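Examination of the molecular architecture
Each chain, written out:
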Amino acid sequence: MTPTLPHPALHASHSGTWVATPDGETRAISRGEAIRLAADTPVIVMNAPLIGQRLGYGDLSGLDLLELFAFLHPARFMVPTPKGLARACGLPVPEREDDVAAFLREATGALLSHIDAPDWAEREGAWTATQALGRLRWPWTPLVTRRIAKPERAERWLFSKLPEWEESPGRAPPRSVTIEPEAVEQQLDKLTGQGSERRTGQRDFSVAAARAFAPRDMRDSPNMVLAEAGTGIGKTLGYLAPASLWSQQAGGAIWVSTFTKALQRQLGRETERLFPDDEERRNRVVTRKGRENYLCLLNLEDALQGGFAGRAAVLAQLVARWAAYSADGDMVGGDLPGWLPTLFRRNGSTALTDRRGECIYAGCPHYRKCFIERAARASADADIVIANHALVMVNAARGREGENRPTRYVFDEGHHLFDAADAMFAAALTGQEAIEIRRWIMGPERGSRGRRRGLSARLSDVASYDEQGGRAIAQAVDAAMALPSDGWLQRINEGEPFGPVEALLAAVRGLTYARDTKGSDAGYGLETELAEPSPELVEAAGPAGEALDALIRPMVTLGRRLEAVLAEAPDWMDGPARARIEGAIASLGWRTETVGAWLALIARIGGPADPDFVDWLAVDRVEGREYDIGLHRHWIDPSRPFAKTVLEPAHGVLVTSATLRAGGDWSVADARSGANHLMRGAAHFEAVSPFDYAAQAEVVIVTDVKRGDLAALANAYARLIVAAEGGTLGLFTAIRRLRGVHARIADRLAREGLPLYAQHVDPIDTGTLVDIFRDDPRASLIGTDALRDGVDVPGHSLRMVVMEGVPWPKPTVLHAARRMAEGGREYDDRIVRAKLAQGFGRLIRRADDRGMFVLLSAAMPSRLLSAFPEGTPVTRMTLDEAVMRAQRLPSVTRMRHGVSEQA
């Protein structure tokens, strides 16, 4: 079918640009010619934003094969590269860059032929979607419509096709049971499989983890176990063994909490060992995330009915195709291809989720089919709920689980608990936060778009039934007028703030700039302590506090009136109305808490400091452009509120990680996990990694790359990557340096046949970047913290980790306060050791892995070397020597020619 395609195919990489024409010719062309061709002729491309970026032509559009794949096979995984597409189409992988353009035409024919296949699994809904996409002038429409026959009967519309969830009776409290060590070992044998190696460390870890599931014998004191399990122990199956046993015998749910979406996906795969049957697993294991991760069906309906225009409307149609086949409606890390929203430059994807707290619960016509509500109800009956740290803390703090509150938790990636608690229990009175609450209360204002509804619209029946409630709604709407509105930032920059809260933010901005010590021209965000406030700030605090007090009073009153209406249960209150009011109570409750925290922050201006908190002023900027202004408050020790809200009500808690002690002793783990704040402390367990780090890995500290010399840094990265023939993960502490290095070395590496991908540069989401990196052993990937903590690439694709320098913590106001409270230099050292350990931990993931960890810093203090596993060789050497070492790593070429890493 390929010769009948009338369109040329275009491919661009860092090594060149090629076009394959309909007559079968493939030739190299210049960037200018490629841009002219793409502007004049519909061309077949793969990932238009990426190709456009490489051509320097941001408006590139055409027949994007990724869009076609998303239409034909929604909810199906594919690595968005020519290699990944070849596998999906059953075609040979193009061996060279100049083969890719012709391959794209061949792949187009293969994909279109899927439409004719009788076993095309996603046929239902395709004809209807094609008609809608045709009206939107989707470029693929002419090629697709001629192959899709109109169905004899009208296709079911998405909103009639989705199943409805059902209410179920409340779950009985879990029984008190004791899990015996012998039973734990038998369950572990079952999970690991017959004939598998019996790992002593894993068995000991599993038995130790079982202590967290023993019956609690003291109020507000859970059975808490802190377990540091080195890489390779197999801790996931290690804790799933006692967890699943306890759930079976006690009839309760285990909440397994992670920090990264990558581990959530891994846990989902591991539970296949517990429940091999897909249907049973769907009922027994549920993944839970925050509301902002799931597709909102009401937002989608609005988008499909004209709320979106242009490219965003095309995205809405493709998301609707996906929603009909999705397992859970999770748009972030679920089965929606992570690369799909980036094809539309994030145009509209966030508007399809509920990121602004505007859910109307039972007032929504799709409430009974809502993905979020379905997940919440499924988790109430599940044996294992896979969640994340943030959701666990939000649910506990806001009482969202009610009678189904978990009694047993497993916190994997436990070294991130402190940071997650820090984010959860912080307060920020900023322009962006304030305008969101204004919009939530007032609803759409003049000139605004969207379906946002204010309190009056959401609670109109309550207002008409309950006079006090109606009056409180009206008072809250009037008081919200004092909050910042659209254009607030521009008014402040022009010296014309409107209203008391904008005036306060203007005073914050003025004082922050006045006390800047870093140089406001640098373009970074600015901050200063909330100490010795200026007269202007003190003067502005009074009216702002009065305005917020006038807002919080009717909010509290309304919350009480809603609870009274529920208790009275008037005639008009059916099940959906009750659910809607319960949802309104929950939403109102946490917004009331937010405004209360703002009042506490304002009271701090000119008042005494609270020793439990750190308060500061900030102007947030990106590359010199301001985007927010405000006051901030964080706990000095956020593990205190975490212990109070999450740990104390629990009966058993397991906290585990490969770096739980951050290179220190158990007192560090106790402090950062909240165990110090319990009446009864935690039990400790350590399982050392089974890997032979002395033989499998080495640490190289390069001594002759001058700090601050970007050209020298780029040269070091390029030489090391070329020597290793790819397979390199590069970690940076600053986005600016990452971009500078990428700009200098991407073309150079491409000429060597070594692809380079970069977070914060390539228009590809981080999860997809990792998928691409994992899939190509000659590729390299550079990025920042998200790659240091969330990457699991076992095997040959990752054989070298390069870190640009010692990852010292940023000298912020918050860091300075904690440093003073927690040991000075030793506090800094703990943070650095933890980051080094996490970076090194990406390297060796299996017993047959081999690799090198390179630190480009002559100033690496010897005291920090304890971050690396005992026995790991550490050598200081020049860059030339490090390059020679990298040449010994196993690469594709050397393995192909039978050369060992010892050669």
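Residues numbered from 1 in each chain as written. Predicted model: local features only at pLDDT ≥ 70, side-chain atom pairs only at ≥ 80, totals over all residues. Heavy atoms only, no water.

**Quick notes on the overall build of the protein**
To keep things clear, this is the line we draw: Helix numbers and strand numbers start at the N terminus; a helix is a DSSP run of H or I with at least 4 residues, a strand a run of E with at least 2. For the radius of gyration, the atom set is restricted to C-alpha positions; the globular benchmark scales as 2.2 Å times the number of residues to the power 0.38. The cut-offs for exposure are 20% and 50% of the maximum accessible area for each residue type, with area from a 1.4 Å probe on protein chains only; residues under the lower value are buried, those over the upper are exposed, and the others partly exposed. The contact rule is simple, with two residues in contact once any of their heavy atoms fall within 4.5 Å. With residues, only the protein chains shown are counted as cover, and all accessible areas are computed by Shrake-Rupley using a 1.4 Å probe.
Across its full length, the protein carries 38 helices and 23 strands. Against the globule reference of 29 Å for 903 residues, the protein gives a C-alpha radius of gyration of 29 Å, in line with a compact fold. With the C-alpha coordinates aligned to their principal axes, the bounding extent of the protein is approximately 80 × 70 × 65 Å. By residue count, 55% of the 903 residues in the protein fall in the buried class. Within the protein, counting contacts between residues at least 6 apart in sequence, those at least 24 apart form 76% of the total. Surface exposure of the protein reaches about 37900 Å², of which carbon and sulfur atoms provide 50%.

**Considering helix H32 (residues 735-751)**
Keep this limit in mind: The length a helix should cover is 1.5 Å for every residue beyond the first. Working definition for bend: take the seven residues up to and ending at a residue and the seven starting at it, fit an axis to each, and measure the angle between the axes.
When the terminal C-alpha atoms of H32 are compared, their 25 Å separation across 17 residues agrees well with the 24 Å that a helix rising 1.5 Å per residue should span. Helix geometry: H32 is bent most strongly at isoleucine 745, by close to 40°. The set of residues buried in H32 consists of Leu738, Gly740, Val741, His742, Ile745, Ala746, Leu749 and Ala750. Those residues of H32 hidden inside the fold are in contact with helix H31 (710-724), strand S19 (756-758) and strand S20 (780-783). Once H32 finishes, glycine 753 follows within two positions and takes phi at roughly 75°, a positive value.

**What about the sheet that holds S19?**
The condition that has to hold: Paired strands, as defined in this entry, are two strands with at least two bridges between them according to DSSP. To obtain each axis, a line is fitted to C-alpha atoms, and for helices this fit is confined to the stretch in contact; angles are then taken between N-to-C directions over 0 to 180 degrees.
A sheet is described by the order of its strands in space; here seven strands give the open sequence S19-S20-S18-S21-S22-S17-S23, paired in parallel fashion. What marks the edges here is a single partner per strand, and that holds for S19 and strand S23 (874-877). Neighbour-to-neighbour, the strand axes of the sheet open up by a mean angle of 20°, direction not taken into account. Pairing analysis gives three bridges linking strand S18 (residues 728-731) to S20, with the strands arranged parallel. Considered in S20, the bridge of leucine 731 is made with glycine 783. Contacting S18, S19 and S20, helix H33 (residues 766-775) crosses the sheet at an angle of about 150° to S20.

**Digging into the pairing of strand S7 (residues 254-258)**
Of all five residues in S7, five are buried; the element is thus mostly enclosed. Side chains Ile254, Val256 and Thr258 project from S7 onto one buried face, and the interleaved Trp255 and Ser257 project onto a second face that is buried too. Bridge count between S7 and strand S9 (residues 384-388): five bridges; the pairing is parallel. Note on S9: the bridge partner recorded for tryptophan 255 is valine 385. Sheet topology places S7 next to strand S10 (residues 408-411); four bridges connect them, and they run parallel. Bridged to tryptophan 255 within S10 is tyrosine 409.

**Section: the nonpolar core**
Heads up, the rule is: We define a nonpolar core as any set of buried Ala, Val, Leu, Ile, Met, Phe, Trp, Tyr and Cys residues linked to one another through side-chain atoms lying within 4.5 Å.
The biggest cluster of nonpolar side chains holds 68 residues, and the ones touching the most others in it are Phe71, Leu85, Val144, Leu295, Leu300 and Leu340. It is helix H15 (residues 311-323) that contributes the most residues to this core, ten residues altogether. What leucine 85 contacts, discounting residues up to four positions off in sequence, is Met46, Leu65, Met78, Val79, Phe103, Ala107 and Leu111. Judged by nonpolar contacts, the second largest core, of 54 residues, contains Met442, Leu455, Ala541 and Leu588.

**Overview of the pattern of salt bridges**
Oppositely charged side chains can pair when the atoms bearing their charge come close. Quick note on the threshold: Here a salt bridge means any side-chain nitrogen of Lys or Arg lying within 4 Å of a carboxyl oxygen belonging to Asp or Glu.
Applying the stated criterion to the full structure yields 48 salt bridges. When salt bridges with common partners are traced through the structure, they connect Arg171, Glu280, Arg284 and Asp383 into a single cluster.

**Regarding unusual backbone geometry**
Excluding glycine, most residues fall at negative phi; most peptide bonds, likewise, are trans. The backbone of aspartate 220 sits at a positive phi, close to 60°, despite the residue not being glycine. Within the secondary structure layout, aspartate 220 lies in the loop between helix H10 (200-209) and strand S6 (223-229). What makes aspartate 220 partly exposed here is its relative accessible area of 28%. For histidine 760, which is not glycine, the phi dihedral falls at a positive 70°.

**Observations concerning a positive patch on the surface**
Applied cut-off: The patches reported here contain residues having more than 30% relative accessible area and no salt bridge. Joining distances are 9 Å for like charges and 5 Å for nonpolar side chains (Val, Leu, Ile, Met, Phe, Trp, Tyr). Just so you know, the count uses Lys and Arg for positive and Asp and Glu for negative, and it drops His and the chain ends. Where a charge sits is defined by one atom per residue type, namely NZ (Lys), CZ (Arg), CG (Asp) or CD (Glu).
Side chains of Lys261, Arg265, Arg269 and Arg355 sit close together on the surface and give a patch of like positive charge. Tracing the chain through its elements places arginine 269 in helix H12 (residues 261-270). Under the relative-accessibility criterion, arginine 269 is labelled exposed at 51%.

**Some remarks on the environment of aspartate 116**
Its place among the elements puts aspartate 116 in the loop between helix H5 (100-114) and helix H6 (126-135). Separated by 549 residues in the primary sequence, aspartate 116 and aspartate 665 have C-alpha atoms spaced 64 Å apart. In contact with aspartate 116, not counting residues within four places along its chain, are Arg123 and Arg147.

**Some thoughts on the packing of aromatic side chains**
Applicable threshold: To pair, rings of Phe, Tyr and Trp, with the six-membered ring standing in for Trp, must have centres within 6.5 Å; the planes then decide the type, stacked if under 30 degrees apart, edge-to-face if over 60, and tilted in the middle. The rule for a charge over a ring is simple: NZ of Lys or CZ of Arg within 6 Å of the ring centre, and within 35 degrees of the ring normal.
Counting across every chain of the model gives 13 aromatic pairs. What links up through ring pairs into an aromatic cluster is the set Phe691, Tyr693, Phe840, Phe853 and Phe868. Positioned above the aromatic ring of phenylalanine 613 is the side chain of arginine 633, whose terminal nitrogen or guanidinium carbon lies 4.5 Å from the ring centre.

**Comments concerning the sheet that holds S10**
Sheet strands pair by backbone hydrogen bonding; their relative direction is either parallel or antiparallel. The strand order across the open sheet built from seven strands is S8-S9-S7-S10-S15-S6-S16, with neighbouring strands paired in parallel fashion. Taken across any chain shown, the strands that pair with only one partner, and hence form the sheet edges, are strand S8 (285-287) and strand S16 (683-687). Averaged over all adjacent pairs, the angle separating strand axes in this sheet is 15°, with direction ignored. In this sheet, S16 lies alongside S6 in parallel orientation, the contact comprising five bridges. Within S16, the residue paired with alanine 227 across the bridge is phenylalanine 685. Lying over the sheet, H10 contacts S6, strand S15 (652-657) and S16, oriented at roughly 165° with respect to S16. Sitting on the sheet, helix H18 (residues 389-398) is in contact with S7, S9 and S10, with an inclination near 100° to S9.

**Some words on the confidence of the model for the protein**
How we decide: The score called pLDDT rates the predictor's confidence residue by residue, from a low of 0 to a high of 100.
Averaged over all residues, the pLDDT of the protein equals 90, while 95% of them reach at least 70. Below a pLDDT of 50 lies the segment residues 899-903, which in the model reaches six contacts outside its immediate sequence neighbourhood of four places, other chains included.

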